[in-house]
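Here is how the chains run, residue by residue.
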Amino acid sequence: MKNQLNLFDLSQKVDYKTEILSGLTVALALVPEAVAFALIAGLSPLTGLYAAFVMGLVTAILGGRPGMISGATGAVAVVFVGLISTLKINNPEITVDEITQYVFITVILAGLLQLVAGLLKLGKFMRLVPHPVIFGFVNGLAIIIFMAQLAQFTTDSTDPNAPWMKGPQLYIFLGLVVLAMLIIWGLPKLTKVIPSGLVAILAIFGIVYFFQIDTTTVGDIASVSGGFPIPSIPDVPYTWDTLVLVFPYAAIVAGVGLIESLLTLNIIDEITQTRGKGNKEAMAQGTANVLSGFLLGMGGCAMIGQSLINISSGSRARLAGIVAALMLLVFVMFGSGIIEKLPMAALTGLMIMVSIGTFEWASLKTFNKMPKSDIFVMVVVTLVTVFLHNLALAVLIGVIIAALVFAWDNAKRIRARKFIDDKGVKHYEIFGPLFFGSVEVFNEKFDVKNDPNEVVIDFAESRVVDMSAIEALNKLTERYKNSGKTLHLKHLSDDCRKLLKNADNIIDVNVFEDPTYKVLVDDL
């Protein structure tokens, strides 16, 4: 019980100034991101801001990775685009308020699914994600973050059809963006007392304010003014049809959220040389999404961009995430007038630097050193992430390709050493795993027609892995039986012997030397 209630590591040394300033920087960067993602989904900006507040606060307190930031994300917003399209097809007269209620119930259901995943400790399966998949995921996400900033170079970032800036408007905006990037890049080389991202935002704000420069501000995108989110139950018909409608999207939201959150956790682990708790993070993400749905938020997951801002600013504790969430709510309730005056150029420069820092540039240097299959996996995951914006699908495809490559490589590694002893018995010593991929090569090793009347197959250096391997052994024993020859299987486990059928009269297993490993198949 003590471990469950130990939310904060009181033994950890906390730099309160760094944590508070990092939280403030993250809060400022969260505003345009939350608004933009809400607009992508066709929702009110406040649904994105409330989601960022709830997700950020709950995961900062309960999450498995101190320093990681959660909020409304583009990956989740894209899922809601599909839900909203389906709702409009089913009911062309549906209103925005009604659509929003369906989004809320979907978020709550997604949170419940994530809680189940956490209870079942499914976070451990993230260890099955190969490094090339993580590289591809990170690189794709970096490109998405960069591409999302290009809309700020149009005359209206909320309109996909808006023309690009021209003339002085473009030059001023571009100049401010470059200046912000230079500050973020150069200031840490001089001092790390204050987060460079915060200094860049304040510097650009000061330049624009005192020189009365006419440029795009947060207020030009949408108003961020609002009150404290009042808890409410989504107003939807609680019927089987509603469940059938929202469940597929809830499952995708849950999957995308967990995959993005756990991959972000792994990335932060590598940067900080510490280890987070995946199952605890899954529980926190689920709890946050459930509360987000009841508190008028669109849900979300871990945000790699904001997390990297936080970590690069020096944060290592939970305090920065708590400060960021609370300050975001303060901005919405009391400081919207000031926040709406922040130049988008400063925030755009900040996010571009985040995308540059997110991209694994070292992965480009490994192209001539990594196996071609790993490079292929990395490129495929990157392309799927960039063009489909479906992070769950990208990771799933990458894992499947990597698994097939692994199976193919191991299928080629099975081999047999053959010899005939002084008694005229032929021995086959098998090396390498016997599974579905290596069955065909395994069968080619045996010369049933020309073998002597007694044959021994020794599995001391091999392992029977799956049902395909069991069936291969069964058929091999039948072939020797039909030829009137005796076959002995040596060093085969009890599990394998029980699953072999129709061979009791001709199989002689050395029970004294058999290992006790288990075969991962159902009993026949």
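Source: prediction; values computed, not measured. (Residues numbered from 1 in each chain as written. Predicted model: local features only at pLDDT ≥ 70, side-chain atom pairs only at ≥ 80, totals over all residues. Heavy atoms only, no water.)

**Some thoughts on the overall build of the protein**
Rules: Helix and strand definitions follow DSSP, with helices as H or I runs of at least four residues and strands as E runs of at least two, each counted in order from the N terminus. Buried residues are those whose accessible area, probed at 1.4 Å on protein chains only, stays under 20% of the maximum for their type, while exposed residues exceed 50% and partly exposed ones sit between those limits. The criterion used for residue contact is that any of the two residues' heavy atoms lie within 4.5 Å. Per-residue and other accessible areas follow the Shrake-Rupley method at a 1.4 Å probe size, with only the shown protein chains counted as cover for residues. By the counting scheme adopted, Arg and Lys are positive, Glu and Asp are negative, and His together with the chain ends is not counted. One atom stands in for each charge, and that atom is NZ of Lys, CZ of Arg, CG of Asp or CD of Glu.
In terms of regular secondary structure, the protein is built from 21 helices and 6 strands. Dimensions along the principal axes, computed over C-alpha positions, put the protein at roughly 100 × 55 × 50 Å. Across the 524 residues that make up the protein, the buried fraction comes to 52%. Sequence separation of at least 24 residues holds for 79% of the intrachain contacts in the protein that already meet a minimum separation of 6. On the protein, roughly 25,400 Å² of surface is accessible, and the fraction owed to carbon and sulfur atoms is 63%. For the protein, the separation between the mean place of its 39 positive charges and that of its 42 negative charges on side chains is 8 Å.

**Examining the packing of aromatic side chains**
For any two aromatic rings, the description comes down to two numbers: the centre-to-centre distance and the angle of the planes. The condition that has to hold: Think of it this way: a Phe, Tyr or Trp ring, Trp meaning its six-membered ring, pairs with another when their centres are within 6.5 Å, and the plane angle makes it stacked under 30 degrees, edge-to-face over 60, tilted otherwise. Counting as a charge over the ring demands two things of the Lys NZ or Arg CZ atom: a distance within 6 Å of the ring centre and an angle within 35 degrees of the ring normal.
Applying the stated criterion across every chain, the model contains 9 aromatic pairs. Ring centres 5.3 Å apart and planes at 85° place the aromatic pair Y209 and F210 in the edge-to-face group. Residue class for Y209 comes out partly exposed when judged on its relative accessible area of 47%. A network of ring pairs unites the aromatic residues Y428, F442, F446 and F459 as a single cluster. Between R415 and the ring centre of F431, over which it is positioned, the NZ or CZ distance is 4.7 Å.

**Here we look at the sheet that holds strand β6 (residues 486-490)**
Quick note on the threshold: When DSSP finds two or more bridges between a pair of strands, those strands are recorded as paired. Convention adopted: a line fitted to C-alpha atoms gives each axis, helices being fitted over their contacting stretch, and angles between N-to-C directions are expressed from 0 to 180 degrees.
Strand order in the open sheet formed by 4 strands is β3-β4-β5-β6, and the pairing between neighbours is mixed. In this open sheet, the two edge strands, each paired with only one partner strand, are β3 (415-420) and β6. Neighbour-to-neighbour, the strand axes of the sheet open up by a mean angle of 20°, direction not taken into account. Where β3 lies against strand β4 (residues 426-434), 6 bridges are found, and the strand directions are antiparallel. The residue of β4 that forms the bridge with A416 is I430.

**Observations concerning helix α17 (residues 372-388)**
Worth spelling out the cut-off: In this scheme, a helix's expected span is set at 1.5 Å multiplied by one less than its residue total.
Taking 1.5 Å per residue as the helical rise, α17 with its 17 residues ought to reach 24 Å, and the 24 Å between its terminal C-alpha atoms agrees with that figure. Every buried residue of α17 is listed here: I375, V377, M378, V380, V381, T382, V384, T385 and V386. Packing partners of the buried residues in α17 comprise α6 (131-149), α16 (362-365) and α18 (391-411). Phi turns positive, to about 55°, at H389, one or two residues after α17.

**Observations concerning the pattern of salt bridges**
Under the convention used in this document: Here a salt bridge means any side-chain nitrogen of Lys or Arg lying within 4 Å of a carboxyl oxygen belonging to Asp or Glu.
Scanning all chains against the criterion turns up 3 salt bridges. The closest approach of N and O atoms between D269 and R65, which form a salt bridge, is 2.6 Å. Separated by 204 residues along the polypeptide, D269 in helix α10 (residues 240-272) and R65 in the loop between α3 (45-62) and β1 (70-71) bring together distant segments of the chain. For the pair D269 and R65, a shared accessibility class is recorded, and that class is buried. K426 is paired through a salt bridge with D451; the nearest N and O atoms lie 2.9 Å apart. Placement of K426 in strand β4 and of D451 in the loop between α19 (439-443) and β5 (454-464) is noted, with a sequence separation of 25 residues between them.

**Some details on the confidence of the model for the protein**
To keep things clear, this is the line we draw: Each residue carries a pLDDT score, the predictor's confidence in it, ranging from 0 to 100.
Averaged over all residues, the pLDDT of the protein is 85; the fraction at 70 or higher stands at 92%. Here helix α1 (residues 2-5) stands out as the element of the protein with the lowest mean pLDDT, 43, in contrast to helix α11 (residues 278-294), whose mean of 95 is the highest. The low-confidence segment residues 1-6, where pLDDT is below 50, has 1 contact with residues more than four positions distant or belonging to other chains. Counting interchain partners and residues more than four positions distant, the pLDDT-below-50 stretch residues 517-524 has 22 contacts.

**Things to note about the nonpolar core**
The nonpolar side chains of a soluble globular protein tend to be buried with one another. Counted only if it meets this: Definition of nonpolar core: a set of buried residues of the types Ala, Val, Leu, Ile, Met, Phe, Trp, Tyr and Cys, connected through side-chain atoms within 4.5 Å.
By size, the foremost hydrophobic cluster in this structure holds 106 residues, and its most contacted members are V31, L49, F80, V103, F137, L263 and M298. Setting aside anything within four residues of it in sequence, one finds V103 in contact with L43, F80, L83 and M298. Grouped together as the second largest cluster of nonpolar side chains are 21 residues, I430, V439, V455 and A469 included.

**A closer look at a nonpolar patch on the surface**
Keep this limit in mind: Candidates for patches are residues over 30% relative accessible area with no salt bridge; among them, like charges are joined within 9 Å and nonpolar side chains (Val, Leu, Ile, Met, Phe, Trp, Tyr) within 5 Å.
Residues I356, W361, L364, F367, V379, L383, F387, L388, L393, L396, I400 and L404 make up a contiguous nonpolar surface patch of about 1,100 Å² in total accessible area. At the level of secondary structure, the elements contributing two or more residues to the nonpolar patch comprise α17 and α18. Along the chain, the position of L383 falls in helix α17.

**Observations concerning the layout of surface pockets**
What counts is decided by this rule: Only protein atoms enter the 1 Å grid used here. Points where a 1.4 Å probe fits but cannot escape make up a cavity, open sets with protein on both sides within 12 Å along at least five of seven lines make up a pocket, and a residue lines them when an atom lies within 4 Å of a point. Grid points are joined across faces, edges and corners, and a volume is the space filled by probe spheres set on the points. Each residue receives one of three labels: charged for Asp, Glu, Lys and Arg, nonpolar for Ala, Val, Leu, Ile, Met, Phe, Trp, Tyr, Cys and Pro, and polar for the others, Gly being one of them.
Put simply, the second largest pocket is a space of about 970 Å³. Forming the boundary of the second largest pocket are 37 residues, of which A36, F37, I40, I144 and A148 lie nearest the centre. Elements represented by at least two residues in the lining of the second largest pocket include exactly α2 (16-40), α4 (74-90), α6, α12 (304-312) and α15 (344-358). For the lining of the second largest pocket, a count of residues per class yields 23 nonpolar, 11 polar and 3 charged.

**Things to note about the side chain of S261**
The topology assignment puts S261 in helix α10. According to the relative accessible area criterion, S261 is buried, its value standing at 0%. For S261, the contacting residues outside a window of four places in its chain are M68, Q285, C301 and A302.

**Some details on the side chain of S363**
You can see S363 is positioned in helix α16. Given a relative accessible area of 0%, S363 falls into the buried group.

**Regarding unusual backbone geometry**
Positive phi, normally seen in glycine, also occurs at Q273, with a value near 60°. Along the chain, Q273 turns up in the loop between α10 and α11.

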